[in-house]
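A closer look at the structure
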Amino acid sequence: GASIELEELTKRYPGNPYPSVENVSMEIKAGETVIFVGPSGCGKSTTLKMINRLIEPTSGRIRIGDEDVTDIDPVKLRRKVGYAIQSSGLFPHMTVAENIALVPKMVGWSKSRVKDRVEEMLDLVGLDPREFHDRYPRQLSGGQQQRVGVARALAADPPVLLMDEPFGAVDPITRDHLQDELIRLQHELHKTIVFVTHDFDEAIKLGDRIAVLRERSHIAQFDTPEAILTN
Ligand code: ADP
Ligand code: ADP
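Scope of this entry: the structure provided in the associated data block.

Calculation rules
- Throughout this document, residue positions are counted from 1 along each chain, in the order its sequence is written.
- As a convention, the first chain written is A and the first ligand written is 1, with the rest following in written order.
- For this predicted model, a pLDDT threshold of at least 70 governs which residues receive local features, and a threshold of 80 or more governs which side-chain atom pairs are given and counted, while totals over whole chains, interfaces and linings are taken from all residues.
- To get the side-chain values, take all heavy atoms of the structure and skip hydrogens and water.
- Strands here mean DSSP runs of E at least two residues long; helices mean DSSP runs of H or I at least four residues long; both are numbered from the N terminus.
- To get the radius of gyration, use the C-alpha atoms; to get the globule rule, take the number of residues to the power 0.38 and multiply by 2.2 Å.
- Each residue is placed in one exposure class: buried if its accessible area under a 1.4 Å probe, protein chains only, is under 20% of its type's maximum, exposed if it is over 50%, and partly exposed if it falls in between.
- Note on contacts: a residue pair qualifies if any of its non-hydrogen atoms lie within 4.5 Å across the two residues.
- Note on areas: these come from Shrake-Rupley sampling with a 1.4 Å probe, and a residue is covered only by the protein chains present in the view.
- His is not counted, nor are the chain ends; Lys and Arg add positive charge and Asp and Glu add negative charge.
- Charge positions come from single atoms, namely NZ of Lys, CZ of Arg, CG of Asp or CD of Glu.
- Here a residue is near a molecule or strand as soon as one of its heavy atoms is found within 4 Å of it.
- For the purposes of these results, a polar contact is taken to be a pair of N or O atoms within 3.5 Å, where, inside protein, one atom must be able to donate a hydrogen and its partner to accept one; residues adjacent in sequence count only when each atom of the pair is a side-chain atom.
- Classes in brief: Ala, Val, Leu, Ile, Met, Phe, Trp, Tyr, Cys and Pro nonpolar; Asp, Glu, Lys and Arg charged; the others, Gly included, polar.
- One bridge is not enough; two strands pair if DSSP finds at least two bridges between them.

1. Details of the overall build of the protein
Within the protein, the secondary structure is distributed over 9 helices and 10 strands. Relative to its length of 231 residues, the protein is compact, with a C-alpha radius of gyration of 17 Å against a globular reference of 17 Å. Judged by the C-alpha coordinates and their principal axes, the protein covers about 45 × 40 × 35 Å. Within the protein, the proportion of its 231 residues that are buried is 50%. Considering only intrachain contacts with a sequence separation of at least 6, the fraction spanning at least 24 residues in the protein is 67%. Working note: accessible area of the protein is about 10900 Å², and carbon and sulfur atoms make up 48% of it. Here the protein holds 29 positive side-chain charges and 35 negative ones, and the gap between their average locations is 6 Å.

2. Here we look at the site of ligand 2
Within the structure, ligand 2 sits among Lys49, Asn52, Leu54, Arg78, Val81, Gly82, Tyr83, Ile85, Gly89, Val103 and Arg152. Val81 places a polar main-chain atom, nitrogen or oxygen, 2.8 Å from a nitrogen atom of ligand 2. Interatomic distance of 2.4 Å between a backbone N/O atom of Gly89 and an oxygen atom of ligand 2. When ligand 2 is considered free in solution it has 570 Å² of accessible area, and contact with the protein chains removes 71% of it. Looking at which element gives the most residues to the shell around ligand 2, the answer is strand 6 (residues 81–85), with 4 residues. Of the residues assigned to the shell around ligand 2, the class counts are 5 nonpolar, 3 polar and 3 charged.

3. Describing the sheet that holds strand 5 (residues 67–68)
Across the sheet, which stays open at both edges, the 4 strands sit in the order 2-1-4-5 with antiparallel pairing between neighbours. Lying at the two open borders of the sheet, with one neighbouring strand each, are strand 2 (21–28) and strand 5. Pairing of strand 4 (residues 59–64) with strand 5 involves 2 bridges; the strand directions are antiparallel. The residue of strand 5 that forms the bridge with Ile64 is Glu67.

Pasting the structure below:
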């Protein structure tokens, strides 16, 4: 993994008089999993989108490892950061395989390596490649779409994973399996993970530390699950 450092990060959306994220500073260690919890609208998604360069911060800096990524080319960032969201964000005109292959292709993997990786990722999220490889997102259930979204985020093997309620629509048994896979990625591959969830059990199971956020992503508490539970 790689560390993530946010320095006085602020986002004001045009037309919105209030900042959605205000002066957030945070250090996430390499190989650490940090869970963001907090009420709907408190700026969790906005923060993740800024780290992933989907939206520009109004001010502040973002560092990943020893590189300042605040202004780098988003394509370069794709090598470092995988991103999975609740609504899966799959491209509807692309098959499952094409969606998963997107980032590895973008960052220059060979055709044969991409092909093997797509199969591997489908297996990882528990979808039989023979059945799902050539389907379109609309031909999948919500939970299956989410699993493909997770497969896509992991495909190029980035050191950092940003996951915004990635298992919300997945059935409980599959969710358990995906949580265990994520724990394996933490332990074996030392990924750095920022994970948004409303599920406190999930937060405790997956988190090294939990960041409890208030409006504008002000950090109310940032500590281990044990410390937060005893507070
Ligand atoms: P969360 O992920 O914690 O639910 P968001 O990051 O989605 O919160 O939103 C934070 C705040 O920013 C909310 O008040 C939301 O209404 C506002 N917001 C989000 N996107 C936009 C936008 N495109 N334009 C204006 N305001 C926005
Ligand atoms: P929405 O506004 O619908 O929540 P986002 O703006 O968060 O969607 O994401 C835009 C699209 O770009 C998504 O479909 C997402 O899956 C894709 N995407 C962005 N960054 C990455 C990444 N690092 N890895 C894989 N897919 C990505």
